[in-house]
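This is what each chain is made of:
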Amino acid sequence: MSPSPLTAQQVATWRDQLSRGCEGDAEELIDVIAELEDLVSAARAVQAEATVKFDAARRATEAAAGRSARRQGRGVAGEIALARKESHHRGQSLLGLAKVLTSEMPHTLARLRDGSLNEFRATILARETGCLDKEARITLDEELCADPKGLVGVGTKELLGRVRRRVATLDPAAVAKRARRAERERRVALRPAPDTMTYLTGLLPMAKGVAAFAALTKAAEAAIADGDPRTKGQLMADLLLARVTGVPDTGTVEQSPAVPVTINITLPATTLAGGHEPGIITANGVTGDVIPAETARLLAAHALSAGVGAWFRQLYTNPLGRLLALTSKQRCFPDGLAELLEIQGQGICATPWCDAPIRHNDHITPYDLGGPTTHANGQGLCEACNHTKQTNGWHQIAGSIHERPTVTTITPTGHRYQATSPAPPGWPESWPHRLDISWRDAVA
């Protein structure tokens, strides 16, 4: 007699058992750690299988309803992302990985199930074989993962080297074609770093990236040889800024001329008067990051004293941390209201667990259904999440908790996911810093 299929209630029961913690001597505890690691991998394998079955079920339902094949399954990645508490982009990647593992890489899926591979390494195998045709991919999957003993002690870097060598041997033309396609995806990105710093990264072809790094290294080493007291890393960072902006390198960050930018600083009115409440800064695509009160005052003073085109928008909050609302009769959000929505969300997509930058301003209650173009009915979303919520069966409800805007997203399965906007500066310490409540609640 075959075992009964796995149910959500069974998984919840196991989770409750795990929440009791563990105890034992050193040998027992290390065994628990190892078994839990294998359990996580096995769970990921089951998630992959469930993902593919869910996708098939959703497409079958939509086909029966008369939806065209081209439009079937459009919201699946979004539902997967919410269920796994991930961004929409990550949900799309997980859906693609699940399809590949179940249809073309059964041995990799088996090694994930028995704990020989974790999800990250399985993803590497799927990604690096993406340029191969189905037959070649199946062949490589069998070569590398049919025998679990062949993966014992193999680290991520070694596994990556193995798969890349075999891919280059099986189809060198496909590897060359992928490299040419990758060059078209070169770009520069900016993201927040701790302590009011930021990461400026460039995705470049290997030769050009090495050349740029070598040039900065050579210039920094020459400056050190001439007696510059800065470290090599500091010099390379300062030289990069100088060469990109055209602003001369003055030797220290404090003495560097101000660069013309537009910076939004959201802060309580008491901060500029000497208070200690931190603010939130967004600037030129940098998603919201906490900025100390003293730093906010120094930024404003530096810009004013420098006399350059640096614009600071200070958005003051009331004692409850609420931003001022704007309204409009337009269907599209005007620039001022769009900026307010972006600042309210600190530059981050309003969908739960999605940390992509805001690209679209969207009505919570659709304009076509009578939703007004107002601050209360607006939200900032990334492009993928905005397109997903337009899919049939998705709808949202606006609300608030202690004057902080909330949005409840209801997916076609009836599951609800509620998100609360990030805590603004001045949020009362007696209340929770974040009231984000994200859950799944099947509608009866």
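These numbers were taken from a predicted model, which means no experiment stands behind them.

This part is about the overall build of the chain. The helix and strand inventory of the chain stands at 15 helices and 13 strands. Residue burial in the chain is summarised as follows: out of 444 residues, 36% are buried. Taking the contacts inside the chain whose residues are at least 6 apart along the sequence as the reference set, 52% of them involve residues at least 24 apart. Carbon together with sulfur atoms contributes 58% to the accessible area of the chain, which is approximately 26,000 Å² in total.

The next subject is the pattern of salt bridges. The final tally for this structure, using the stated rule, is 20 salt bridges. Across the salt bridge formed by Arg162 and Glu158, the nearest N and O atoms sit 3.0 Å from each other. Here Glu158 and Arg162 lie together in helix 8 (residues 156-170), a separation of 4 residues that amounts to about one turn. With a relative accessible area of 39%, Glu158 lands in the partly exposed category. One connected set of salt bridges, linked through shared partners, spans Arg44, Arg84, Arg90 and Glu119.

What the rule picks out here adds up to 1 aromatic pair. Between Trp353 and Tyr417, the ring centres sit 6.2 Å apart and the planes meet at 80°, which makes this aromatic pair edge-to-face. With Trp353 in the loop between helix 14 (335-344) and strand 8 (360-363) and Tyr417 in strand 13 (residues 416-420), this residue pair connects regions lying 64 residues apart in the sequence. Exposure remark for Tyr417: the relative accessible area of 3% places this residue in the buried category.

On to a negative patch on the surface, then. Together, Asp25, Glu27, Glu28, Asp31, Glu35, Glu37 and Asp38 line one region of the surface with negative charge. Structurally, Glu27 is set in helix 2 (residues 26-64). Look at Glu27 and you get exposed, because its relative accessible area is 52%.

Another point: a nonpolar patch on the surface. A cluster of nonpolar side chains, Val188, Leu190, Leu200, Leu240 and Val244, forms an exposed patch at the surface whose accessible area comes to about 450 Å². Note on placement: Val244 falls in helix 11 (residues 232-245).

Moving on to the sheet that holds strand 13. With antiparallel pairing, the 3 strands of this open sheet are ordered in space as 11-12-13. Among the strands making up the open sheet, the edge pair consists of strand 11 (395-401) and strand 13. Across this sheet, the average inter-strand angle for adjacent strands is 20°, counted without regard to direction. Across 7 bridges, strand 11 lies against strand 12 (residues 404-410) in antiparallel orientation. Its bridge partner lying in strand 12, Ile397 is registered against Thr408.

Rules behind the numbers
- Residues numbered from 1 in each chain as written.
- Predicted model: local features only at pLDDT ≥ 70, side-chain atom pairs only at ≥ 80, totals over all residues.
- Heavy atoms only, no water.
- Helix = DSSP H or I, 4+ residues; strand = E, 2+ residues; numbered from the N terminus.
- Buried < 20%, exposed > 50% of the residue type's maximum accessible area, 1.4 Å probe, protein only.
- Contact = heavy atoms within 4.5 Å.
- Areas by Shrake-Rupley, 256 points an atom, 1.4 Å probe, with all protein chains shown as cover.
- Salt bridge = Lys/Arg side-chain N within 4 Å of Asp/Glu carboxyl O.
- Phe/Tyr/Trp six-rings, centres within 6.5 Å; stacked < 30°, edge-to-face > 60°.
- Patch = residues over 30% accessible without salt bridge, like charges linked within 9 Å, V, L, I, M, F, W, Y side chains within 5 Å.
- Lys, Arg positive; Asp, Glu negative; His and termini not counted.
- Charge placed at Lys NZ, Arg CZ, Asp CG, Glu CD.
- Pairing = 2+ DSSP bridges.
- Axes fitted to C-alpha atoms, helices over the stretch in contact; angles between N-to-C directions.

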